[in-house]
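Chain residues, written in single-letter form:
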Amino acid sequence: MEKRHLRPWMAVLFVLAFALDIFVVSGFLGLWFGVWGTLLHELLLALLAVLLAALFRADLRRVFPFKWPRASKVAGTLILWLGTFLAAMAVTMLVSYFFPQEVLGAGQGVQDIVVSVPVLLALFLVALTPAVCEEMAFRGGFLGCLRGMKSKWAGILIVAVVFGAFHGSVWRMIPTAILGVALGYLLVETDNLFYSMLFHFVNNAVPVLLLGLLSLMPVQESTGDIEAVQTAMSSHLPLFTVAVYMLYACGAPFLIYIGRYLIHRGQPGYDRGLFPREKRKTLLALLGISAYILVIGVVMFLASFGAIMRGLMPY
């Protein structure tokens, strides 16, 4: 039987199937099976992507491409993740400053799973399973329908926005969409789902491991620390905290650029070093963007420091 390419109109059916699983079926699975419902819902997501691709008689090896990873691309993926993560966290902290209760509540469900099971099981449920299943669904099936569009960025952005929206909260949508852009870019540029899965896994594993470290503390102290952080964030996020993340984010443009270079290393246009002569304008642009973010962070830091000093001064 002749294999076909997925078409853009087919993306509608993928989105509808994913929406049914994420917004309807997952609720029942969670009610019936508890934390194991998360695993079943993720597996169903990947299964739907494979079944739809097979129904449309697409070449499954093309829709879900897996190849042996290369060390330079793995390093590029990790550096790209760090840069994208810093950018997404800066946006998250900025939104949290104005809407602390909404942002804290948006991630509460995942945190409940992480703190209710052992760390290794949490890594499996919250990091590994979504990394594999969601990438097969969104970057495999969904983006596979849009890879024939004239502009590769159109498909990447569409999938990223839907990916962010499908996380069920407007407060998580923008930072998740930022991560989704990087995930889509990795798939399009490498034609290998391994790298987007690695990116996704690391992004989800970091908070799990951090919470796992907190759990190693004495029970009362650990619980008190977590509750203290939740109470502080639900009432008001200090401007100083936002400033710190903005200062971190000033390095994001260079990290993203370096990660992108390593992913393409050795290919035409990427075989003359990190910053060849023809990339001088790019270097200046990166410096300008980083300097702009740095200035914003410094202004926030000074404003928060001034507020602290005014609070300490007697009337």
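Per an unreviewed UniProt entry, the recorded name for the protein is CPBP family intramembrane metalloprotease, and the organism is Faecalicatena fissicatena.

K.L.:
Sorry, what's going on with helix α12 (residues 239-249) here?
P.N.:
For α12, the full list of buried residues reads V242, A243, M246 and A249. Here the buried residues of α12 occupy an arc of 120° about the axis, which is enough to place them on one side.

K.L.:
I would appreciate a short explanation of empty space enclosed by the protein in the present structure.
P.N.:
With a probe scaled to a water molecule rolled over the atoms, the places where space remains empty come into view. Taken as a whole, this structure holds one cavity of 30 Å³ or more when the rule is applied. The computed volume of the largest cavity comes to approximately 30 Å³. If you trace the largest cavity, you find it lined by Y257, R260, Y261, G269, Y270, G273, L274, P276 and K279. Along the lines of polarity and charge, the residues of the lining of the largest cavity split into five nonpolar, two polar and two charged.

K.L.:
Explain the layout of surface pockets here, please?
P.N.:
Reported here for the second largest pocket is a volume of approximately 470 Å³. Lining the second largest pocket are 20 residues, and of these T84, A87, I178, A252 and I256 lie nearest its centre. Residue assignment for the lining of the second largest pocket shows that the elements contributing at least two residues are α4 (71-98), α9 (170-190), α12, α13 (252-264) and α14 (280-312). For the lining of the second largest pocket, the class distribution of residues is 18 nonpolar, one polar and one charged.

K.L.:
How do you make sense of the packing of α9 against α13 when you look at a structure like this?
P.N.:
For any two helices packed against each other, one specifies the crossing angle of their axes together with the interaxial distance. At their nearest, the axes of α9 and α13 sit 11 Å apart, and the two run at 20° to each other. The orientation of α9 with respect to α13, classified from their angle, is roughly parallel. In terms of crossing hand, the pair formed by α9 and α13 is right-handed. Contact with α9, carried on its side by Y185, L186, E189 and T190, involves R260, I263 and H264 of α13 and no other residues of that element. Among the residues forming the contact of α9 with α13, the class breakdown is three nonpolar, two polar and two charged.

K.L.:
Please explain the nonpolar core as it appears in this structure.
P.N.:
In globular proteins that are soluble, nonpolar side chains generally tend to be buried together. L6, F14, F18, F138, F142 and F199 are the most contacted members of the largest nonpolar core, which has 44 residues in total. Among the elements that make up this core, the one with the highest residue count is helix α7 (residues 119-146) (eight residues). Apart from residues no more than four positions distant in its own chain, F199 is found in contact with T77, L80, W81, T84, L179, A182, L183 and L186.

K.L.:
Quick question: what am I supposed to make of the packing of aromatic side chains here?
P.N.:
Where two aromatic rings form a pair, the distance of their centres and the angle of their planes describe that pair. As enumerated under the stated definition, the model contains 16 aromatic pairs in all. Between W153 and Y185, the aromatic rings sit 5.6 Å apart at their centres with planes inclined by 15°, giving stacked as the arrangement. Note that W153 is positioned in helix α8 (residues 152-165) and Y185 in helix α9, a separation of 32 residues in sequence. By relative accessible area, which is 37% here, W153 ends up partly exposed. Ring centres of F240 and F301 lie 5.6 Å apart, and the angle between their planes is 50°; this geometry places the pair in the tilted category. Taken together, the positions of F240 in helix α12 and F301 in helix α14 put the pair 61 residues apart, joining distant regions of the chain. The lysine or arginine in question, K279, covers the ring of Y270, its NZ or CZ lying 5.8 Å from the ring centre.

K.L.:
Teacher, can you tell me more about the UniProt feature "transmembrane region" (unreviewed entry) in the protein here?
P.N.:
Sites flagged by UniProt as "transmembrane region" (unreviewed entry) map to residues 12-33, 39-58, 78-98, 113-133, 153-174, 237-263 and 283-308. Between the end C-alpha atoms of residues 78-98 the distance is 31 Å, and the span holds 100% helix and 0% strand. End-to-end, the C-alpha atoms of residues 153-174 are 17 Å apart, and along that stretch the chain is 82% helix and 0% strand.

K.L.:
Explain the packing of α7 against α8 to me, please; I cannot follow it from the model alone.
P.N.:
The geometry of α7 relative to α8 is characterised by a closest axis approach of 9 Å and an angle of 140° between their N-to-C directions. What the angle tells us is that α7 and α8 run oblique. Two packed elements cross with a definite hand, and for α7 against α8 that hand is right-handed. Side by side, α7 and α8 meet where E134, F138, R139, F142, L143 and L146 of the first sit next to G155, I156, I158, V159, V162 and F163 of the second.

K.L.:
Just to check I follow, could you spell out α8 for this structure?
P.N.:
Structural remark: α-helix, 3.6 residues per turn; residues separated by three or four positions point the same way. Compared with an ideal rise of 1.5 Å per residue, which puts 14 residues at 20 Å, α8 spans 20 Å between its outermost C-alpha atoms and is within 8% of the ideal. Burial in α8 covers these residues: G155, I156, V159, A160, V162, F163 and G164.

K.L.:
Please explain the pattern of salt bridges as it appears in this structure.
P.N.:
If charged atoms from side chains of opposite charge come close, those side chains can pair. What the rule picks out here adds up to six salt bridges. In this structure, D59 engages R61 in a salt bridge whose closest nitrogen and oxygen atoms are separated by 3.9 Å. R272 is the partner of E278 in a salt bridge, and the nearest nitrogen-oxygen pair spans 3.4 Å. Note on R272: relative accessible area 57%, which makes it exposed.

K.L.:
What is the right way to look at the environment of V25 in this model?
P.N.:
Position of V25 among the secondary structure elements: in helix α1 (residues 10-33). A sequence separation of 15 residues divides V25 from L40, and the C-alpha atoms of the two residues are 9.7 Å apart. Each residue touching V25, except ones within four places of it in the same chain, is listed here: L20 and L44.

Conventions we followed
- Residues numbered from 1 in each chain as written.
- Predicted model: local features only at pLDDT ≥ 70, side-chain atom pairs only at ≥ 80, totals over all residues.
- Heavy atoms only, no water.
- Buried < 20%, exposed > 50% of the residue type's maximum accessible area, 1.4 Å probe, protein only.
- Helix = DSSP H or I, 4+ residues; strand = E, 2+ residues; numbered from the N terminus.
- Arc of directions from axis to C-beta.
- 1 Å grid on protein atoms, 1.4 Å probe; cavity = no way out; pocket = protein on both sides within 12 Å on 5 of 7 lines; lining within 4 Å.
- Points joined across faces, edges and corners; volume = space filled by probe spheres on them.
- Nonpolar A, V, L, I, M, F, W, Y, C, P; charged D, E, K, R; others polar.
- Axes fitted to C-alpha atoms, helices over the stretch in contact; angles between N-to-C directions.
- Parallel < 35°, antiparallel > 145°, perpendicular 65-115°, else oblique.
- Left-handed = near helix turned anticlockwise from the far one by under 90°.
- Contact = heavy atoms within 4.5 Å.
- Core = buried A, V, L, I, M, F, W, Y, C linked by side-chain atoms within 4.5 Å.
- Phe/Tyr/Trp six-rings, centres within 6.5 Å; stacked < 30°, edge-to-face > 60°.
- Lys NZ or Arg CZ within 6 Å of the ring centre and 35° of its normal.
- UniProt positions renumbered as here; feature names shortened; annotations may be inferred.
- Expected span 1.5 Å × (residues − 1).
- Salt bridge = Lys/Arg side-chain N within 4 Å of Asp/Glu carboxyl O.

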